[in-house]
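Structural overview for review
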Amino acid sequence: METGTISIDELAGGFDLYRTLESGQSYLWQRSDGEMYGGTPAPDAWYTTVVGGSTGTRDVIRVRTHDGCLEWESTTDAEPIVRRLLRLGDDLEAIVAAGPDDPLLREAYEAHRGMRLVADPSFGCLISFICSAQMRVGRIHTMVTTLAREYGDEVAFDGETYHAFPTPEQLATATEADLRDLGLGYRAPYVVRTAEMVANGEADPDAARDLEYEDAREYLTQFVGVGDKVADCVLLFSLGFDEAVPLDTWIKSAVEEYYPDCDRGSYAATSRALRDRLGGEYAGYAQTYVFHHLRTGE
DNA sequence: ATAAGGCCTAAGAG
DNA sequence: ACTCTTAGGCCTT
């Protein structure tokens, strides 16, 4: 086992592990008490995920906050991976300071200080948000966990068995009926067909990285089960498009109540107006704070 | 380009 | 205990 620590003091704007991993951005981690998305964890709870290596290898990584540090334990030298997945290099202080000075956003930033965006692996993120349609966060996490258990590689670490999120090829072996039996409902055929599209090379979510923002969103909507909202989530939580502003039910209610002049009728026009209102370049950061603030009511 | 109807299902509200 | 509504929408007319 390899281990290490990262001082949270050295991270501009701080870091809140719980709020980062349980704010509806990522469904690819497991909390040590097994109660992910089900209440406040113990302060030093571990979060575990499995990442894929370049040669088909799998590495287990777990992290927790303890004594003012972010501790990690892993099958590999995980510090660069942890820094990338949890975006520890972001100057959160500067991002918050650069945001517009409106009451809702200030309140959200204040209430959830230290929450960062995540940078999930693209395929797992894509499937997670296809599953998210009309679904509570707890059940999205259950679905993604079930897919990993049923179709992903097993990895042993520290006496426990973990599951990687399945590869496109692995998930493409599932049938619609299989996934309906696992509780995915009408999302089942979407997941199968999208996995097939990625597995057979018809499209690749990572290819969106090379496009301009709105072209990238359009590109992702070719996947089955992916509309504008899900595409924006993948762009924001995986592909590094910090300007993406997913318009979900919570953000739509925020538009109605706090930014009524940003309602332009269509998704694209409203999203664009809200993006400008929330500061442009890092509008997605602001969106994520507002979303979490309204959803949790905290 | 925009609008209505159907869709799985578990958990919470009434 | 039951029914009704809701939950981070998408696909097809």
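Just so you know, these numbers come straight off a predicted model, no measurement behind them. (Residues numbered from 1 in each chain as written. Chains lettered and ligands numbered in written order. Predicted model: local features only at pLDDT ≥ 70, side-chain atom pairs only at ≥ 80, totals over all residues. Heavy atoms only, no water.)

Attention now moves to the domain arrangement of chain A. Domain boundaries in chain A define domain 1 (2-89), domain 2 (91-112 + 240-297) and domain 3 (120-128 + 135-225). Here the C-alpha centre of domain 2 lies 25 Å away from the C-alpha centre of domain 1. Tallying the contact residues gives 9 residues for domain 1 and 11 residues for domain 2. Taken over both partners, the interface formed by domain 1 and domain 2 buries close to 820 Å², and the fraction arising from carbon and sulfur atoms is 48%. (Domains from an automatic or database assignment. Contact = heavy atoms within 4.5 Å. Buried area = accessible area lost by both parts, 1.4 Å probe.)

Surrounding DNA strand B, one finds Gln134, Arg136, Arg139, Arg180, Gly185, Tyr186, Arg187 and Ser266. Close to the protein, within 4 Å, the atoms of DNA strand B are drawn from sugar and phosphate at a rate of 52%. One of the side-chain N or O atoms of Arg139 is found 3.1 Å from a base oxygen in DNA strand B. In the environment of DNA strand B, a base oxygen lies 2.9 Å from a nitrogen or oxygen atom belonging to the side chain of Arg187. Classifying every residue of the surface near DNA strand B gives 1 nonpolar, 3 polar and 4 charged. (Near = heavy atom within 4 Å. Polar contact = N/O pair within 3.5 Å; in protein donor to acceptor, adjacent residues only side chain to side chain. Nonpolar A, V, L, I, M, F, W, Y, C, P; charged D, E, K, R; others polar.)

Moving on: empty space enclosed by the protein. Within this structure, the stated rule accounts for 1 cavity of 30 Å³ or more. Roughly 40 Å³ of internal volume is contained in the largest cavity. Residue contributions to the lining of the largest cavity peak at 3 residues, all from helix α12 (residues 249-258). For the lining of the largest cavity, the residue count by class is 7 nonpolar, 1 polar and no charged. (1 Å grid on protein atoms, 1.4 Å probe; cavity = no way out; pocket = protein on both sides within 12 Å on 5 of 7 lines; lining within 4 Å. Points joined across faces, edges and corners; volume = space filled by probe spheres on them. Helix = DSSP H or I, 4+ residues; strand = E, 2+ residues; numbered from the N terminus.)

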